[in-house]
Amino acid sequence: MKPPDYQRVLHLGNPASTATLLSVAARHTGRSWKVLPLATTPHIHMVDPVLQRIARAARGAIWEAQFAAHKITRPKIHLHSAMATPHVGWALGDYALHLHGTDIRTRLYEESYHQRIVDAVTHARVVFYSTPDLAQHALPIRKDAILAPVPVTMKRTRAKNPLGSGRTYVFFTSRWEDVKGGYTQLEAARALRSLLPAHVELIGLDWGPLAAEAWQVGIQLVPKQPYPSFRALVRDAQLCIGQTAGIMSASELDALAEGTPIVAPLNPQWYAADHPSLHNVPVLGGTNLDGRDAEGIAHLAAEHLGEPLPAAASSWLKANHSPEACLDIVLGGYRSHQW
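About the thresholds
Numbering of residues starts from 1 in every chain and runs along the sequence as written. Given that this is a predicted model, residues contribute local features only at a pLDDT of at least 70 and side-chain atom pairs are listed and counted only at 80 or more, while totals for whole chains, interfaces and linings are drawn from all residues. Excluding hydrogens and water, the side-chain figures rest on all heavy atoms present in the structure. We count a stretch as a helix when DSSP gives it H or I for four or more residues in a row; a strand needs E for two or more, and each element gets its number in order from the N terminus. Atoms counted for the radius of gyration: C-alpha only. Globule rule: 2.2 Å times residue count to the power 0.38. Partly exposed describes any residue whose relative accessible area lies between the buried limit of under 20% and the exposed limit of over 50%, with all areas from a 1.4 Å probe on protein chains only and scaled to the type maximum. What makes two residues a contact is simply this: any of their non-hydrogen atoms within 4.5 Å. Residue burial considers only the protein chains on display, and all accessible areas are found by Shrake-Rupley using a 1.4 Å probe. The charged-residue count follows a simple rule in which Lys and Arg add positive charge and Asp and Glu add negative charge, with His and chain termini not counted at all. Lysine's charge is taken at NZ, arginine's at CZ, aspartate's at CG and glutamate's at CD. Throughout this description, the term salt bridge denotes a Lys or Arg side-chain nitrogen within 4 Å of a carboxyl oxygen of Asp or Glu. A cavity here means a set of 1 Å grid points, computed over protein atoms only, where a 1.4 Å probe fits but cannot escape. A pocket is an open set with protein on both sides within 12 Å along at least 5 of 7 lines, and lining residues have an atom within 4 Å of a point. Grid points are joined across faces, edges and corners, and a volume is the space filled by probe spheres set on the points. Basically, the charged four are Asp, Glu, Lys and Arg, the nonpolar ten are Ala, Val, Leu, Ile, Met, Phe, Trp, Tyr, Cys and Pro, and anything else, Gly included, counts as polar. Centres within 6.5 Å make a pair out of two Phe, Tyr or Trp rings, where for Trp the six-membered ring is used; the pair is then stacked when the planes are under 30 degrees apart, edge-to-face when over 60, and tilted otherwise. In this analysis the charged atom, NZ for Lys or CZ for Arg, is taken to sit over a ring once it is within 6 Å of the ring centre and within 35 degrees of the ring normal. For the purposes of this section, nonpolar cores are sets of buried Ala, Val, Leu, Ile, Met, Phe, Trp, Tyr and Cys residues that join through side-chain atoms within 4.5 Å. DSSP bridges decide pairing: two strands pair if at least two such bridges lie between them. Angles run from 0 to 180 degrees between N-to-C directions of axes, and those axes are lines fitted to C-alpha atoms, restricted for helices to the stretch in contact. Distance and chemistry together define a polar contact, namely a pair of N or O atoms within 3.5 Å, with one atom able to donate a hydrogen and the other to accept it when in protein, and with adjacent residues in sequence counting only for side-chain atoms on both sides.

Caption draft 1: The overall build of the protein chain, seen in detail. If you tally the helices and strands in the protein chain, you get 13 helices and 12 strands. Compactness check: the protein chain gives a C-alpha radius of gyration of 21 Å against a globular reference of 20 Å for 339 residues, within 12% of the reference. Once the C-alpha set of the protein chain is aligned to its principal axes, its extents read approximately 60 × 55 × 40 Å. Counting the 339 residues in the protein chain, one finds 50% classified as buried. In the protein chain, once contacts between residues fewer than 6 apart in sequence are set aside, the share between residues at least 24 apart is 67%. Working note: accessible area of the protein chain is about 16,100 Å², and carbon and sulfur atoms make up 54% of it. A distance of 11 Å separates the average location of the 32 positive side-chain charges in the protein chain from that of its 28 negative side-chain charges.

Caption draft 2: Up close: the pattern of salt bridges. In this structure the tally under the stated criterion is 13 salt bridges. Across the pair Arg335 and Asp5 runs a salt bridge whose closest N-O atoms are separated by 2.7 Å. Highlighted residues: Arg335 in helix 13 (residues 323–336) and Asp5 in the segment before strand 1 (9–12), separated in sequence by 330 residues. Relative accessible area serves as the criterion here: at 31%, Asp5 is assigned to the partly exposed category. Glu110 is the partner of Arg107 in a salt bridge, and the nearest nitrogen-oxygen pair spans 3.0 Å. The network of salt bridges with common partners includes Asp5, Arg31 and Arg335.

Caption draft 3: Broad picture of empty space enclosed by the protein. Counted under the stated rule, the structure contains 1 cavity of 30 Å³ or more. A volume near 60 Å³ is recorded for the largest cavity. Around the largest cavity, the lining residues are Ser130, Thr131, Pro132, Leu147, Pro149, Val150, Met248, Tyr271, Ser277, Leu278 and His321. In terms of residue class, the lining of the largest cavity is made up of 7 nonpolar, 4 polar and no charged.

Caption draft 4: How the structure looks around the packing of aromatic side chains. Counted by the stated rule, this structure contains 8 aromatic pairs. Here the aromatic rings of Tyr334 and Trp339 are separated by 4.5 Å at their centres, their planes lie at 55°, and the arrangement is tilted. An identical accessibility class is assigned to Tyr334 and Trp339; each is buried. What links up through ring pairs into an aromatic cluster is the set Tyr6, Trp33, Phe128, Tyr334 and Trp339. Its guanidinium or amino end placed over the ring of Trp207, Arg175 lies 5.6 Å from that ring's centre, counting from NZ or CZ. A cation over an aromatic ring shows up here: Lys224 above the ring of Trp207, its NZ or CZ 4.0 Å from the ring centre.

Caption draft 5: Highlighting unusual backbone geometry. For Ser17, which is not a glycine, the phi torsion comes out positive at approximately 60°. Mapped onto the elements of the fold, Ser17 is located in the loop between strand 1 and helix 1 (18–27). Its identity as a non-glycine residue notwithstanding, Gln338 has a phi of 50°, on the positive side. Take Gln338: it is sitting in the segment after helix 13.

Caption draft 6: Broad picture of the environment of Pro209. Note on placement: Pro209 falls in the loop between strand 8 (201–206) and helix 8 (211–216). What makes Pro209 exposed here is its relative accessible area of 62%. Measuring from C-alpha to C-alpha, the distance between Pro209 and Asp178 comes to 8.5 Å, with 31 residues separating the pair along the chain.

Caption draft 7: Representation of the nonpolar core within the structure. Ranked by size, the top nonpolar core spans 60 residues in total, and within it Leu12, Phe67, Leu97, Leu99, Phe171 and Met248 carry the most contacts. Not counting chain neighbours up to four residues away, the residues in contact with Leu97 comprise Leu79, Ser81, Ala82, Ala120, Val121, Ala124, Val126, Val127 and Phe128.

Caption draft 8: Here's a closer look at the sheet that holds strand 12 (residues 284–286). Strand order across the open sheet formed by 6 strands is 9-8-7-10-11-12, with parallel pairing between neighbours. Two strands in the sheet have a free side with no partner beyond their single neighbour: strand 9 (220–223) and strand 12. Neighbour-to-neighbour, the strand axes of the sheet open up by a mean angle of 25°, direction not taken into account. Pairing analysis gives 3 bridges linking strand 7 (residues 169–172) to strand 10 (residues 239–241), with the strands arranged parallel. Opposite Phe171, over in strand 10, you have Cys240 as the bridge partner. Along the sheet face, helix 7 (residues 182–195) touches strand 7, strand 8 and strand 10 and points at about 155° away from the line of strand 8.

Caption draft 9: Representation of the side chain of His321 in the model. Considering the arrangement of structural elements, one finds His321 in helix 12 (residues 313–321). Engagement of the side chain of His321 in a polar contact is seen with the backbone oxygen of Val150, the distance being 2.7 Å. For His321, the residues in contact, after removing those within four places along its chain, are Pro149, Val150, Pro151, Val152, Leu253, Ser277 and Trp316.

Following this line, the structure appears as structure tokens:
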């Protein structure tokens, strides 16, 4: 039996677990893909700055040795960060590039990183981007860049809820930060608190620069959780409220995967293209809800509290955001660009 194409691919980096989900889906098709997280710089408790530099250099050397060893058996590299090229460029060869956010959305416009990002995008054989807002940044450099929507684990979690059982709450899925629409979320939380009965709690993660302000407006904060526990928080909520920055990212998709309704404003300029993942998104609000309308978000949440997720949500999610759907797009990109 002829083996499948692209049987052995090495994925460098793992934002939103995309590489892991792709590799698992690939395994089910007879492929053997490997994920190597990019090296990070840990905080090393050493007084001597020379020893600190030596320790970091040693960690980098160990990672590069791992990279080199994996590349022997998997010479095709799918890179998940345009920022990483100075560290991996010596062995990349003819690579695929996957853009996930900060690199193309932010670093592209910073003088010290601009040329690095442009070069990484330009020289890749095939370029993918994960959310529709990134098109305006990626396409001017690579008009052939491909939207590969964020994949999400479809199987519901069996983890225990860190809050315990028997509590009725609305869950804010995103970290408290301006880039996620944090200030609007704060105003929405304040308005929602006045609309809901006292026994309905407002829960969010103790994560992000605006977390203290979230606590001040009545959000009960829980520590940032391991992924299964985060999914349990989402699963047991009466309703979730997503980021107000106008896109469906992993956290909003997690809510749908767990069968929990979610209020999510979507930017109509981004959710107007031909890709099927940008239409009929099964969220409350969607393109009809302004991401700056805190009162509208609060009233919509209060109005739909306790209602079930629409029946069509599961099939939409599977068709557009399952690991298998993302794998099909990635393989199609490899083939169309003759990688």
